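Observations on chain architecture
What follows is each chain in one-letter form.
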Amino acid sequence: MSASLAPECNQVKERYDNCFLKWYSEKFLRGAATTDECDPLFKQYEKCLSKVLNDRGIDKMVKEAREDNRENDAEHLKPKR
Amino acid sequence: MVKFYSSTDTYPYPFPAVTLAYFLRYPNPYSTHVISTDTIARHFDPDTQRLTTIRLHLKRSKLPSAVTKLLPRSLLGASATGDTQSYILEKSVVDVKEGWMDTESRNLEWTGVLSVVERQIFRRPVPDVPDNIKVFQGMEGAARRHGFLNFGGSGAGVKVGVDLNGETTDVESSVTLHSHVGETWRKKRLAASEGSSSSEEEQPQKVGFLRSWGTAALQRNIEKIGLTRTLRSQPNAREGMKVVLERMREGGLVGVLEGMRKDREAILQGRDLLKDGPTRADEE
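Procedures and definitions
Residues numbered from 1 in each chain as written. Chains lettered and ligands numbered in written order. Predicted model: local features only at pLDDT ≥ 70, side-chain atom pairs only at ≥ 80, totals over all residues. Heavy atoms only, no water. Helix = DSSP H or I, 4+ residues; strand = E, 2+ residues; numbered from the N terminus. Buried < 20%, exposed > 50% of the residue type's maximum accessible area, 1.4 Å probe, protein only. Contact = heavy atoms within 4.5 Å. Areas by Shrake-Rupley, 256 points an atom, 1.4 Å probe, with all protein chains shown as cover. Phe/Tyr/Trp six-rings, centres within 6.5 Å; stacked < 30°, edge-to-face > 60°. Lys NZ or Arg CZ within 6 Å of the ring centre and 35° of its normal. Axes fitted to C-alpha atoms, helices over the stretch in contact; angles between N-to-C directions. Parallel < 35°, antiparallel > 145°, perpendicular 65-115°, else oblique. Left-handed = near helix turned anticlockwise from the far one by under 90°. Nonpolar A, V, L, I, M, F, W, Y, C, P; charged D, E, K, R; others polar. Buried area = accessible area lost by both parts, 1.4 Å probe. Salt bridge = Lys/Arg side-chain N within 4 Å of Asp/Glu carboxyl O. Polar contact = N/O pair within 3.5 Å; in protein donor to acceptor, adjacent residues only side chain to side chain.

A look at the overall build of chain B
Of regular secondary structure, chain B possesses eight helices and seven strands. For chain B, the residues scored as buried account for 49% of the 284 residues in total. When contacts within chain B are restricted to residue pairs at least 6 apart in sequence, those whose partners lie at least 24 apart make up 72%. Carbon and sulfur atoms make up 54% of the accessible area of chain B, which totals about 13,600 Å².

A word on unusual backbone geometry
Residue and element names in this part refer to chain B. The residue after tyrosine 26, namely proline 27, is reached through a cis peptide bond having omega -5°. By secondary structure assignment, the location of proline 27 is in the loop between α1 (15-23) and β2 (34-45). One non-glycine residue, glutamine 49, adopts positive backbone phi at about 60°. By secondary structure assignment, the location of glutamine 49 is in the loop between β2 and β3 (50-62). You can call glutamine 49 buried: its relative accessible area is 9%. The backbone of tryptophan 110 shows a phi angle near 55°, a positive value even though the residue is not glycine.

Points about the packing of aromatic side chains
On inspection of all chains with the given rule, the structure shows 15 aromatic pairs over all chains. Ring geometry for tyrosine 24 of chain A and phenylalanine 28 of chain A: centres 5.1 Å apart, planes at 15°, overall stacked. Grouping residues by exposure puts tyrosine 24 of chain A and phenylalanine 28 of chain A together as buried. A cation over an aromatic ring shows up here: arginine 25 of chain B above the ring of tyrosine 22 of chain B, its NZ or CZ 4.0 Å from the ring centre. A cation over a ring is seen here: arginine 42 of chain B above phenylalanine 20 of chain A, with NZ or CZ 3.4 Å from the ring centre.

Concerning the packing of helix α1 (residues 10-26) of chain A against α1 of chain B
Orientation of α1 of chain A relative to α1 of chain B, taken along the N-to-C sense of each, is 165°, at an axis distance of 11 Å. Considering the angle they form, α1 of chain A stands roughly antiparallel to α1 of chain B. In this structure, α1 of chain A crosses over α1 of chain B, and the sense of that crossing is right-handed. Each of Phe20, Leu21, Tyr24 and Ser25 of chain A in α1 of chain A lies in contact with α1 of chain B, whose residues at this interface are Thr19, Leu20 and Phe23 of chain B. Among the residues making up the contact of α1 of chain A with α1 of chain B, the classes are represented as five nonpolar, two polar and no charged.

Remarks on the interface of chain B and chain A
Contacts between the two partners involve 45 residues from chain B and, on the opposite side, 45 residues from chain A. In total, chain B and chain A occlude about 4,100 Å² of area from one another, counting both sides; carbon and sulfur atoms represent 60% of this. Here chain B and chain A share zero salt bridges between them. At the junction of chain B with chain A, the criterion picks out ten residue pairs in polar contact (both at pLDDT 80 or more). Mapped by element, the contributors of at least two residues to the side of chain B that touches chain A are α1, β2, β3, β4 (83-95), β5 (100-107) and α8 (215-268) of chain B. Element by element, the count of residues in the side of chain B that touches chain A is highest for β2 of chain B, at nine residues. Residue composition of the side of chain B that touches chain A, grouped by class: 27 nonpolar, seven polar and eleven charged.

These results come straight from atomic positions and should not be treated as a statement about function.
Here it is, written out as structure tokens:
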């Protein structure tokens, strides 16, 4: 698995990534997904990572980038047909 | 002035496999410069069956000497040799029902100097067969994909799934490069000349430096350098995806994860993963 930006989050990231890959290939790709089953693990991973993103000011950069592209995002996400 | 690159390609792999490979493309032997990959947001919409993912990659890069010569190092935050790190924000939406994956990656820092937006759209080709046959083939295809993507699957049988069904995935790639360098300073200068109180002390040096080039010429040059790097890095990105897909065909998901583990170890030990090639650490 790819490494996390924050080494202290590697373990919780790996647990989440494994869960996601299983869900993605066994449920999502077969159109059989009803909920994101890995969300509880994602929350743990997010909690670990958010501290580092905040400390390094990355969350601010991400927020700005996403605000800059909000219109673009709306375009990106709208139904294609 | 905006520079633009675009290309199309077809992967000889089914659409679901390509989307999975996209999520699993780092690390691979062609991407040893990618230090980390984190998922920072993910949303599944059960009504549309769409999955939206936002990831953050940290890449090691080397600024071309042409750029370090053009811009003061203090502005770029790089070492004397041009070594630096950069964050890339990647957004993707997968619609498995309609058979497309729309992805976009952009640099987070120095977007004023050069903003690079890379977009890739993967599509399951529309089959050229009557509906009744399509339904039958679709079911058969799904069964094969099942084997192909089996989480715990071993190599045996998995290979058959891909080679026999002959499914392909189309990909459209584009890269847009845009430099805004000098524009904020120019605005500040205009504001200053209109008599508003702007910070005088930071202007003389930057204005002098820009005047020697001309803002437009500087932007054009930076975009040109960015485009050259894009042209050079695109084949590596493609090769990286192919390695991941090949591993998937040989050993399923387990095979991909095993390959990633080995690549990550090799990167940590500073070994070159491409035995015959030059080191890729400084590639975009």
